[in-house]
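Working through the structure, step by step
Residues per chain, in single letters:
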Amino acid sequence: MELEKSMVVSEFLSKGSVLKQGAEARVYRDVFLGRSTIIKERFPKKYRHPLLDEKLTHRRTVQEVRSIQRCRRAGIPTPVVYFVDYTSHCIFLEDIVDSVTVRDHILATRQRPHPSPTLEPLEPLAARVGRVLARMHDEDVVHGDLTTSNMLLRRSGEGEAELSLVLIDFGLSYISALPEDKGVDLYVLEKAFLSTHPNTEPLFQKLLESYAASSKKSSAVIKKLDEVRLRGRKRSMVG
Amino acid sequence: MHSSHPLELFPGRTVTLMLFKCVRNPAELRRSAMGGQITAALINPRMLVDPFQVIVAANKAVHLQTIGKMKTRSLNSEIIFNLSPTNNISEAFKRFGISDADDSVLVVLVATGDESQTLADIKEKVDGEQVPMEELPMLSDVTQIRKLYKVTPQEEKMGGLLDSVVCKMATKDVM
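Computed from a prediction, not measured in an experiment: that's the story for all the values here.

All right, on to the environment of Val 131 of chain B then. Residues and elements named next belong to chain B. Mapped onto the fold, Val 131 is located in strand β5 (residues 129-131). Counting along the chain gives 16 residues from Val 131 to Lys 147, while the straight-line C-alpha distance between them is 27 Å. Aside from chain neighbours lying at most four places away, what touches Val 131 is Met 1, Leu 19 and Lys 21.

This is the structure in structure tokens:
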């Protein structure tokens, strides 16, 4: 009976458009229950032992769903989960329409000939990101894949100049209270941030300052971040 | 006046909703539903924010039925159970099913193909006034919904009540 269900979902998915494919999952976009939806399919990995693959894939799916809901209840913006199929490991999520990634926004902003060529216009955004991450870590949610491509800016309401920040892709996320894990989370972001957006150290610094000011448990986390930096290499959290 | 929604994952199956106000025979309806004379889910509109909430519950119910993993005994009771934020079945029936004191009811029918006859049959059994689905928000008890689903103010501010409710429904198995 499980096979039967997987086929129903895969038939549905074959009609949608594949947005991207990673090592872990395929992402589709389609209309589901009247809404534009992102479907994240963790497909079977043939190179793994089947029993292990099933357990791992199931666990990752569950962790992702749990992290999203945990963030939501604390008011951290994430896509809504509409439906989870645990037989085919598919998560049906809200498609955040009318949005840009923070990555693209920063790139676009830096390209425009500005009155001042400084990073000043981007400081409020950096501060906002810092605040959101602080709230997330205070909920003991570690994102696991923090990059500026995994943060969206969407128009919030009519005529509001303010774009609201949404965190996406909780595929590598998990629950942890350890400052070490949160420190690594920030380290991953720092590396990604500085490589994608060269010469933005002051901007990232602003982000960290905002984080430190917003999180109740930040000092331990920042301390660990410094330690990890000194170590000089990423600590791989991917199993 | 009823509204129908196809279930994309289950081609050919649709969810049809009918909303009734000023219902004078809730006890009889409840007995009919439990007895199997009415093959639809009868839901208390007070706990509903939007039809989407019901469609999400119906989709999950059909999915679980297809893989043989329903928690309740029938598709219709499963729809009611899926609306609940908890895993307690009797509590779900109490809160989301209709009681003898209710005066409005939402009829939910999951069908394959043309069910116009069944719809007409059910409509005949309801001693009440059918109204368009647009009137559903007027029958919602937002305070009770917030309380039952434990929606925090920051959660509602961030994404709205409907999204908060739907997400809780969709993720309750693993929380």
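Having seen the structure, we can now continue with the description.
Let us now look at the nonpolar core. Residues Phe 92, Leu 133 and Met 136 of chain A together with Ile 43, Ile 79, Leu 106 and Val 108 of chain B are the most contacted members of the largest nonpolar core, which totals 99 residues. Each residue touching Ile 79 of chain B, except ones within four places of it in the same chain, is listed here: Ala 41, Ile 43, Ala 57, Ala 58, Ala 61, Val 108 and Val 110 of chain B.

Moving on to the packing of helix α4 (residues 123-138) of chain A against helix α6 (residues 201-214) of chain A. All names here are of chain A. Running from N to C, α4 and α6 cross one another at 40°; their axes reach a closest spacing of 7 Å. What the angle tells us is that α4 and α6 run oblique. Crossing of α4 against α6: the hand is right-handed. Of the residues in α6, those in contact with Glu 123, Ala 126, Ala 127, Val 129, Gly 130, Arg 131, Leu 133, Ala 134, His 137 and Asp 138 of α4 are Leu 203, Lys 206, Leu 207, Ser 210, Tyr 211 and Ser 214. Residue composition of the contact of α4 with α6, by class: eight nonpolar, four polar and four charged.

Between chain B and chain A, the contact holds 30 residues from the first and 34 residues from the second. Summed over both partners, the interface of chain B with chain A comes to about 2800 Å²; 66% of that surface belongs to carbon and sulfur atoms. A salt bridge links Asp 163 of chain B to Arg 35 of chain A; the shortest N-O distance between them is 3.3 Å. There are five residue pairs in polar contact (both at pLDDT 80 or more) connecting chain B and chain A.

What counts, and at which threshold
Residues numbered from 1 in each chain as written. Chains lettered and ligands numbered in written order. Predicted model: local features only at pLDDT ≥ 70, side-chain atom pairs only at ≥ 80, totals over all residues. Heavy atoms only, no water. Helix = DSSP H or I, 4+ residues; strand = E, 2+ residues; numbered from the N terminus. Contact = heavy atoms within 4.5 Å. Core = buried A, V, L, I, M, F, W, Y, C linked by side-chain atoms within 4.5 Å. Buried < 20%, exposed > 50% of the residue type's maximum accessible area, 1.4 Å probe, protein only. Axes fitted to C-alpha atoms, helices over the stretch in contact; angles between N-to-C directions. Parallel < 35°, antiparallel > 145°, perpendicular 65-115°, else oblique. Left-handed = near helix turned anticlockwise from the far one by under 90°. Nonpolar A, V, L, I, M, F, W, Y, C, P; charged D, E, K, R; others polar. Buried area = accessible area lost by both parts, 1.4 Å probe. Salt bridge = Lys/Arg side-chain N within 4 Å of Asp/Glu carboxyl O. Polar contact = N/O pair within 3.5 Å; in protein donor to acceptor, adjacent residues only side chain to side chain.

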